[in-house]
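Listed here are the chains, written in short residue letters.
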Amino acid sequence: MSSGQVPNTLRVECIADDIRLVRDEDDLAERIVHADRHKIPATIIGGGSNLVLRARLPGMAIVLKLRGAEFERLGDDDWRVAAAAGENWQTVVDGALERGIGGLENLTLIPGSVGAAPVQNIGAYGRELSEVLEWVTVFDRQELRYSTLTGAQCAFGYRDSVFKRDSLNRYVITRLALRLGRTAMVTDYPDVAREMAVHGGAVDCNTVADAVARVRRRKLPDPARIGNVGSFFKNPVVSEAQLDGLRGLVDIDDYPAPAQAVGRKIPAARLIDAAGWKGVRKNRVQVWPRQPLVLVNLGGATGAEVLDLATSIRDDVYRRYGVALELEPAVLGAD
């Protein structure tokens, strides 16, 4: 047994009772089967980009180091990219952009690993992963074998999937395939549209990616420089009646709800900002001054401190506006 620090972009200290780096699928299966047979809690960690970790992670932390991404041309504007779960997400995005392949340009600069992308159904600036995902390979802890799930079997929703709803952690993602080049570009998201109008030029996957990157860099802190998990709260969906009531309290935009929801989606950032939380510091954690959806570790913060500030924000927004904010990152471990 070898204890160690669990990697995470929030940069909080979390010690796992036992931490193991896994570089191939056979080793992964052996470690999971061993842990399950001996009733040892096993937590799968990718890049640690969407996690809030408490001080200690009981049991075994399995850090995926599965690497590799292959691009296969199927037709003139039809590509498949198959990538291992431990590969860096940006490596896949860059590989598509270098080849002039569209489909991932709106998802540039999202930190984390490939394997984490389907769990959260990552999305940004009008594009969701579910629109381009073809299949995932998983190790099934119930059947004790590898199998393939189609995009439909992943049961994707807004920042949601069967993997996120899987309370028994049945599936461990090891590989996925994306079909690229066939989707229309999304350029009408307000921030991106404004950015492209300013810079002009031809509209292709690379210019869209450049516009998205400029917007993200202006608004969001780089996790390589300051600890964060990106957006800390999901954008809530409210009823038409609730939206009308909100507009009596705050000037707020609204957008179509995800396909699986009824109502209108509203920006959580606007509610947090209107409640006066932008830039607020509590202990060693701060609400990012340029994007109130983001909480940053100013140095030495614990997971408990981050969650304490998040709870204060959530309770205050609910008290003021009657809207319940939901955390986007997973919370793991014990204090």
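Trainee: For the side chain of Glu 328, give the residues involved together with the corresponding values.
Mentor: Note on placement: Glu 328 falls in the loop between helix H8 (303-321) and strand E19 (330-332). Discounting residues that sit within four places of it in the chain, Glu 328 has contacts with Asn 50, Gln 120, Arg 159, Lys 164, Ser 231, Phe 232, Phe 233 and Lys 234.

Trainee: Mind laying out the sheet that holds strand E3 (residues 42-45), listing which residues take part and the relevant values?
Mentor: Ordered in space as E1-E2-E5-E3, the four strands form an open sheet in which the pairing is mixed. The two strands at the open ends of the sheet, each matched to only one other strand, are strand E1 (4-5) and E3. Lying over the sheet, helix H1 (residues 25-37) contacts strand E2 (15-22), E3 and strand E5 (56-64), oriented at roughly 160° with respect to E5.

Trainee: Before we move on, could you go through the pattern of salt bridges and cite the residues and values that matter?
Mentor: The full count for this structure, using the stated rule, is 28 salt bridges. Of the charged contacts in the structure, one is a salt bridge between Arg 80 and Glu 72, with a shortest N-O distance of 3.5 Å. Among the residues examined, Arg 80 registers a relative accessible area of 21% and is labelled partly exposed. Residues joined in a network through salt bridges with shared partners are Glu 72, Asp 78, Arg 80, Glu 134, Arg 179 and Arg 182.

Trainee: Could you give an account of helix H4 (residues 190-199), naming the residues involved and the relevant values?
Mentor: For H4, every residue scored as buried is listed here: Asp 191, Val 192, Glu 195 and Met 196. Seen end-on, H4 carries its buried residues on one side only, within an arc spanning 125°. Exposed and facing more than 90 degrees away from the buried side of H4 are Arg 194, Ala 197 and Val 198. Just past H4, the residue Gly 200 takes up positive phi, approximately 65°.

Trainee: Tell me about H1, residues and numbers included.
Mentor: With 13 residues, H1 extends 18 Å between its outermost C-alpha atoms, agreeing within 8% with the 18 Å of an ideal straight helix rising 1.5 Å per residue. Restricting attention to buried positions, one finds in H1 the residues Asp 27, Leu 28, Ala 29, Ile 32, Val 33 and Ala 35. Close packing links the buried residues of H1 with E2, E3, E5, strand E10 (133-140), strand E11 (145-150) and strand E12 (171-180). The N-capping residue of H1, defined by a side-chain oxygen 3.1 Å from the backbone nitrogen of Asp 26, is Asp 24.

Trainee: Which residues make up the sheet that holds strand E13 (residues 237-238), and what are the values?
Mentor: One open sheet holds the three strands; their spatial order is E13-E15-E14, and the pairing between them is antiparallel. Of all the strands in the sheet, the pair left with one neighbour each is E13 and strand E14 (255-256). Examined bridge by bridge, E13 and strand E15 (residues 264-265) share two bridges and lie antiparallel to one another. The residue bridging Val 237 from the neighbouring strand is Lys 265, located in E15.

Trainee: Tell me about unusual backbone geometry, and please be specific about residues and values.
Mentor: Backbone geometry at Leu 144 places phi at a positive 60°, although glycine is not the residue there. Turning to its location among the elements, Leu 144 is positioned in the loop between E10 and E11. Among the residues examined, Leu 144 registers a relative accessible area of 45% and is labelled partly exposed. If you check the backbone angles, Asn 283 has positive phi at about 55° while not being a glycine. Looking at the element boundaries, Asn 283 is found in the loop between strand E16 (281-282) and strand E17 (285-287).

Calculation criteria
What you see as residue numbers is a count from 1 along each chain, following the sequence as written. Restriction of local features to residues with pLDDT of at least 70 applies here, the model being predicted, together with a cutoff of 80 or more for giving and counting side-chain atom pairs; totals for whole chains, interfaces and linings are based on all residues. Think of the side-chain values as coming from all heavy atoms in the structure, minus any hydrogens and water. In this text, helices come from DSSP runs of H or I with a minimum length of four residues, and strands from runs of E with a minimum of two, each type numbered from the N-terminal end. What makes two residues a contact is simply this: any of their non-hydrogen atoms within 4.5 Å. By this definition, two strands are paired if DSSP reports at least two bridges between them. Orientation is described by lines fitted to C-alpha atoms, with helices fitted over the stretch in contact, and by angles between N-to-C directions that extend from 0 to 180 degrees. Any Lys or Arg side-chain nitrogen located within 4 Å of an Asp or Glu carboxyl oxygen qualifies as a salt bridge. The buried label applies to any residue whose accessible area, calculated with a 1.4 Å probe on protein chains only, is under 20% of its type's maximum; exposed applies above 50%, and partly exposed to all values in between. To obtain the arc, one takes the directions from the helix axis to the C-beta atoms. Between the first and last residue of a helix there are one fewer steps than residues, each counted as 1.5 Å, and that sum is the expected span. Here a polar contact is recorded for every N or O atom pair within 3.5 Å, except that within protein the pair must consist of a potential hydrogen donor and a potential acceptor, and residues adjacent in sequence are included only if both atoms are side-chain atoms.

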